[in-house]
Amino acid sequence: MPDELKSIIEAMLFTSDRPLNAREIRTWLPDKTLSDVSMALKDIENEYNSMRRSFVLKEVAQGYQFRTQSRYAPYILRMLKTSPARLSRAALETLAIISYKQPILRQEIERLRGVDVGGILKTLLEKGLIRIVGRKALPGRPLIYGTTKKFLEVFDLKDLESLPRLKEITGLSPDSEETIKNSMMPVLS
Amino acid sequence: MPDELKSIIEAMLFTSDRPLNAREIRTWLPDKTLSDVSMALKDIENEYNSMRRSFVLKEVAQGYQFRTQSRYAPYILRMLKTSPARLSRAALETLAIISYKQPILRQEIERLRGVDVGGILKTLLEKGLIRIVGRKALPGRPLIYGTTKKFLEVFDLKDLESLPRLKEITGLSPDSEETIKNSMMPVLS
Amino acid sequence: MDCEVKLEVFEGPLDLLLHLIYKNEVDIFDIPIATITDQYLEYLDMMKVLNMEIASDFLLMASTLVHIKSKMLLPESIDGDEEEDPRIEITRPLLEYMRFRDIAEELSEREILNRDVFARSIPPYVRDQIEDQESELDVNLFQLMDAFKHIMNQRSAGVQLRFSIEKWSVKDKAKVVMAILREKGSMFFGELFGQEKTVSELIVTFLALLELIHIGLVKVFQPTHESDIRLVPCFDDNGSASDRLNNA
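Reading the values: the criteria
- Residues numbered from 1 in each chain as written.
- Chains lettered and ligands numbered in written order.
- Predicted model: local features only at pLDDT ≥ 70, side-chain atom pairs only at ≥ 80, totals over all residues.
- Heavy atoms only, no water.
- Helix = DSSP H or I, 4+ residues; strand = E, 2+ residues; numbered from the N terminus.
- Buried < 20%, exposed > 50% of the residue type's maximum accessible area, 1.4 Å probe, protein only.
- Contact = heavy atoms within 4.5 Å.
- Areas by Shrake-Rupley, 256 points an atom, 1.4 Å probe, with all protein chains shown as cover.
- Core = buried A, V, L, I, M, F, W, Y, C linked by side-chain atoms within 4.5 Å.
- Pairing = 2+ DSSP bridges.
- Salt bridge = Lys/Arg side-chain N within 4 Å of Asp/Glu carboxyl O.
- Buried area = accessible area lost by both parts, 1.4 Å probe.
- pLDDT = per-residue confidence, 0-100.
- Axes fitted to C-alpha atoms, helices over the stretch in contact; angles between N-to-C directions.
- Parallel < 35°, antiparallel > 145°, perpendicular 65-115°, else oblique.
- Left-handed = near helix turned anticlockwise from the far one by under 90°.
- Nonpolar A, V, L, I, M, F, W, Y, C, P; charged D, E, K, R; others polar.

Novice: I'm lost on the overall build of chain A in this one. Help?
Specialist: When its secondary structure is counted, chain A shows 10 helices and 5 strands. The burial tally for chain A puts 50% of its 189 residues in the buried class. Across chain A, every contact between residues at least 6 apart in sequence was considered, and the portion connecting residues at least 24 apart equals 40%. Surface accessibility of chain A: about 8900 Å² in total, with carbon and sulfur atoms responsible for 51%.

What follows is the structure in structure tokens.
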């Protein structure tokens, strides 16, 4: 396909994470007419249909989108399942507190975060990032939490001591307060 | 390309938002050998190179990823309504030093650049281009820095070995002069 | 003098020195140290005039230059040619700096992701559908530290916490919690904390609840991991519950 307009539109469709329609595409290519764009879209659609690749350009409700052929779904699912997951902000904050303040009680984490962290602790335990280190001799024998070896692996740390103190990074900018600096020392287990 | 293995791998690559390498892909296709997968990847790479589409299969960060051709960048940026975040020259210089001298301490970077790099290190950490590798057994246990996989991805590098070659300074003998002079930058404005 | 002064901003002393060497079109292996030193100092003076802050790195280099200049003025030692050229002290770091500036330039000319070339992206809804705990995690250390900093900043903003801590005792709160449970029959964990004004009050409520669970006046259930925790009272209205609390 040596047609430059087609290539440009193809590149847009390739990069977009949602379907694009002719009108939208035209707004980014003001020197083209709507019918130029529509025709190019049809052309690309036909081309991919005849090429018998693993994906085609499909017209869906909101416009055109590249989609893989359904017979490859099982393989794609296998791949997506192992692609890196993200931690939610809440989970990351909780993990951050545990990593810097361990060994730590749930109630101390909640004091710092100001909200219930029960569900998050469960998630972090499931993901193997934290572990129960023991119980504190307090009413209710509350559980004590700490990080795991997997935590070190995920964050690419040799040991807990390699966990940077905040002031080692934030000390580079003037916004760090003394009170904060003092509480940044990671507690080593 | 009527080869089913190639189609499957193409579908995976097309759906992925990160580079995939032969070993990974093989884990999702246990009945194939690693060399089957590697060969299929090479085939797809060649196919796309010869097809002259708006995107090609590129080898980056020890994996393969579909990427658009650079001449379509202006259109895509218009579509995404963003201007790319640019790294300052200071940040690029710092990154260059880290990529060649890693694992490296902040003070060594500062010796080479002749200025404080605290703020820049923070920016590079934030962007995920560098990481903290550990601590050095020195007074103050200073942090050691290195580059990340994302660095390779962003700068279109297969691996650290494919970084542009560093010109040697073997001393100030007359024969080394020539090579160094040749590597000089054009006159600054 | 009526001329526009356009002062370039240099990344550091090496950057400035290199600029002067290029500007004067001199050989880096044979730097005319007197000229370069004078121009370097002139530049610092200009910065002073313009009230620009001069980083200590610039001053350190100035003293190095002056030192080299004075050394160059001394008569050559009688011992002969063994003496090292004092200029090596700046030539070497300059050469090294140049190498990396070169590399930086090459890096910036590469096909940079999301500037020159673009990859595919997975729509967020697809990602949400497939996420499971087998996956590796896409988080870095900086994000972790940033999260912690965020928490500590929030905390240091609320200094008055310490004063309100005396307002509520665990026992008082336990009675309030019991009263609510008596009225409602059962409730979700989250509901208990709806009206708490401060973090400390929240903690006291939480401690009170722990205490109630500990002495067996409240039972907790959580049907699945995702669901909220349900609190169920295990006392009747005859006052013995309050006794148990007081004795606890």
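Novice: How do you make sense of the overall build of chain C when you look at a structure like this?
Specialist: Helices and strands together make up the secondary structure of chain C, namely 11 helices and 3 strands. In chain C, buried positions account for 42% of the 248 residues. Across chain C, the fraction of contacts at a sequence separation of at least 24, relative to all contacts at a separation of at least 6, is 60%. About 14200 Å² of surface is accessible on chain C, with carbon and sulfur atoms providing 52% of the total.

Novice: Before we go on, may I ask you to explain the nonpolar core in this structure?
Specialist: One recurring pattern in soluble globular proteins is that nonpolar side chains are buried together. Ranked by internal contacts, the top residues of the largest apolar core, which has 69 residues, are Leu 95 and Leu 124 of chain A, Phe 151 and Phe 155 of chain B together with Leu 144 of chain C. Look past the residues within four positions of Phe 155 of chain B in its chain and what remains in contact with it is Leu 87, Leu 92 and Leu 95 of chain B together with Leu 107, Arg 110 and Ile 112 of chain C. Counting residues in each nonpolar core, the second largest holds 54 residues, with Ala 22, Val 37 and Ile 76 of chain A together with Met 79 of chain B among its members.

Novice: Please explain the pairing of strand β1 (residues 55-60) of chain B as it appears in this structure.
Specialist: Walk down a regular strand and you will see the side chains alternate between the two sheet faces. Residues and elements named next belong to chain B. Bridge analysis of β1 against strand β2 (residues 63-68) gives 6 bridges, and the strand direction is antiparallel. Bridge pairing in β2 links Glu 59 to Tyr 64. Adjacent in sequence and paired antiparallel, β1 and β2 are bridged by 2 residues, among which Ala 61 carries a positive phi angle near 45°.

Novice: Would you take a moment to explain the pattern of salt bridges for this structure?
Specialist: Two side chains that carry opposite charge are able to pair once their charged atoms sit near each other. Considering all chains together, one arrives at 36 salt bridges over all chains under this definition. Between Glu 45 of chain A and Lys 42 of chain A there is a salt bridge, with the nearest N and O atoms lying 3.1 Å from each other. Placement of the pair is Glu 45 of chain A and Lys 42 of chain A together in helix α3 (residues 34-51), with a separation of 3 residues, close to one helical turn. Accessibility expressed as a relative area gives 13% for Glu 45 of chain A, which makes it buried. Taking relative accessible area as the criterion, Lys 42 of chain A reaches 39% and is therefore assigned partly exposed. Residues Glu 47 of chain A and Arg 53 of chain B are paired through a salt bridge, measuring 2.8 Å at the closest nitrogen-oxygen approach. With one member in each of two chains, Glu 47 of chain A in helix α3 and Arg 53 of chain B in the loop between α3 (34-51) and β1 form a pair that bridges those chains.

Novice: What am I meant to see in the interface of chain C and chain B here?
Specialist: Interface size is commonly expressed as the accessible surface area that is lost when the partners come together. Residue-level contacts link 47 residues of chain C with 60 residues of chain B. Carbon and sulfur atoms make up 64% of the surface buried where chain C meets chain B, a total of about 5100 Å² over both sides. Among the residues of chain C in contact with chain B, Phe 100, Phe 118 and Arg 120 of chain C are the three that bury the most area, contributing 15% of the side total. Run the count over chain C and chain B and you get 5 salt bridges. The residue Lys 58 of chain B makes a salt bridge to Glu 111 of chain C at a minimum N-O spacing of 3.3 Å.

Novice: What is the right way to look at the side chain of Thr 147 of chain B in this model?
Specialist: Residue and element names in this part refer to chain B. Relative to the assigned elements, Thr 147 resides in strand β5 (residues 143-147). Residue classification places Thr 147 among the buried residues on the basis of a relative accessible area of 7%. When near neighbours in sequence (up to four residues on either side) are disregarded, Thr 147 contacts Ile 98, Ser 99, Gln 102, Leu 129, Ile 130, Arg 131 and Leu 160.

Novice: For this particular structure, what's the right way to read the confidence of the model for chain C?
Specialist: Close reading of the predicted structure is inappropriate where its pLDDT is low. Residue and element names in this part refer to chain C. Per-chain confidence: chain C averages 78 in pLDDT, with 72% of residues scoring 70 or above. Confidence, expressed as mean pLDDT per element, reaches its minimum in chain C at helix α7 (residues 161-164) with 44 and its maximum at helix α1 (residues 13-23) with 93. A low-confidence stretch, residues 1-5 (pLDDT under 50), is modelled with 1 contact involving residues beyond four sequence positions or located in other chains. Taken together, the stretch residues 159-166 has pLDDT below 50 and engages in 7 contacts with residues farther than four places along the chain or on a different chain. Scored as a whole, the predicted complex attains pTM 0.73, and scored at its interfaces, ipTM 0.82.

Novice: Just checking my understanding: could you explain the packing of helix α4 (residues 73-81) of chain A against helix α1 (residues 4-15) of chain B for this structure?
Specialist: The packing of two helices is summarised by the inter-axis angle and the distance between the axes. In the contact formed by α4 of chain A and α1 of chain B, the axes pass within 9 Å of each other and the chain directions differ by 45°. Here α4 of chain A lies oblique to α1 of chain B, going by the angle between them. For the pair α4 of chain A and α1 of chain B, the crossing hand works out as right-handed. The residues of α1 of chain B that touch α4 of chain A, namely those facing Tyr 75, Ile 76 and Met 79 of chain A, are Ile 8, Ala 11, Met 12 and Thr 15 of chain B. Taken together, the residues that form the contact of α4 of chain A with α1 of chain B break down as 6 nonpolar, 1 polar and no charged.

Novice: Hey, could you run me through the sheet that holds strand β5 (residues 143-147) of chain A in this one?
Specialist: Two pairing modes exist for strands in a sheet, parallel and antiparallel, and in both the strands are linked by backbone hydrogen bonds. All names here are of chain A. Reading across the sheet, the 3 strands line up as β3-β5-β4 and stay open at both edges, with antiparallel pairing between neighbours. With partners counted over all chains shown, the strands left at the sheet margins are β3 (104-105) and β4 (130-135), one partner each. Strand contacts of helix α5 (residues 89-101): β3, β4 and β5, with the helix running at about 90° to β5, the strand carrying the most contacts. This element, helix α7 (residues 118-126), spans β4 and β5 of the sheet and lies at about 110° to β4.

Novice: Just checking my understanding: could you explain the pairing of β5 of chain B for this structure?
Specialist: All names here are of chain B. In terms of burial, β5 is largely enclosed, as 5 of its 5 residues are buried. With 2 bridges joining them, strand β3 (residues 104-105) and β5 adopt antiparallel strand pairing. In the strand pairing of β5, Leu 105 is matched with Ile 144. One ladder, built from 5 bridges, connects strand β4 (residues 130-135) with β5; its direction is antiparallel. Among the inter-strand pairings, Gly 134 is bridged to a residue of β5, identified as Ile 144.

Novice: Before we go on, may I ask you to explain the sheet that holds strand β2 (residues 218-221) of chain C in this structure?
Specialist: Residues and elements named next belong to chain C. As summarised here, the arrangement of the 3 strands in space is β1-β3-β2, forming an open sheet in which the pairing is antiparallel. The open sheet has two edge strands, β1 (187-188) and β2, and neither has a second partner. In the sheet, β1 pairs with strand β3 (residues 230-233) via 2 bridges, with the strands oriented antiparallel. Paired with Met 187 across the bridge in β3 is Leu 231.

Novice: Explanation requested: the environment of Ala 40 of chain B in the structure shown.
Specialist: All names here are of chain B. Positionally, Ala 40 belongs in helix α3. According to the relative accessible area criterion, Ala 40 is buried, its value standing at 5%. Residues Ala 40 and Thr 148, 108 residues apart in the sequence, show an inter-C-alpha distance of 27 Å.

Novice: Which parts of the structure should I look at to understand helix α7 (residues 118-126) of chain B?
Specialist: Spacing of three or four residues puts side chains on the same side of an α-helix, whose turn is 3.6 residues. Along α7 of chain B, the positions that sit buried rather than exposed are Gly 118, Ile 120, Leu 121, Lys 122, Leu 124 and Leu 125 of chain B. Looking one or two places after α7 of chain B, you find Gly 128 of chain B, whose phi comes out positive at around 75°.

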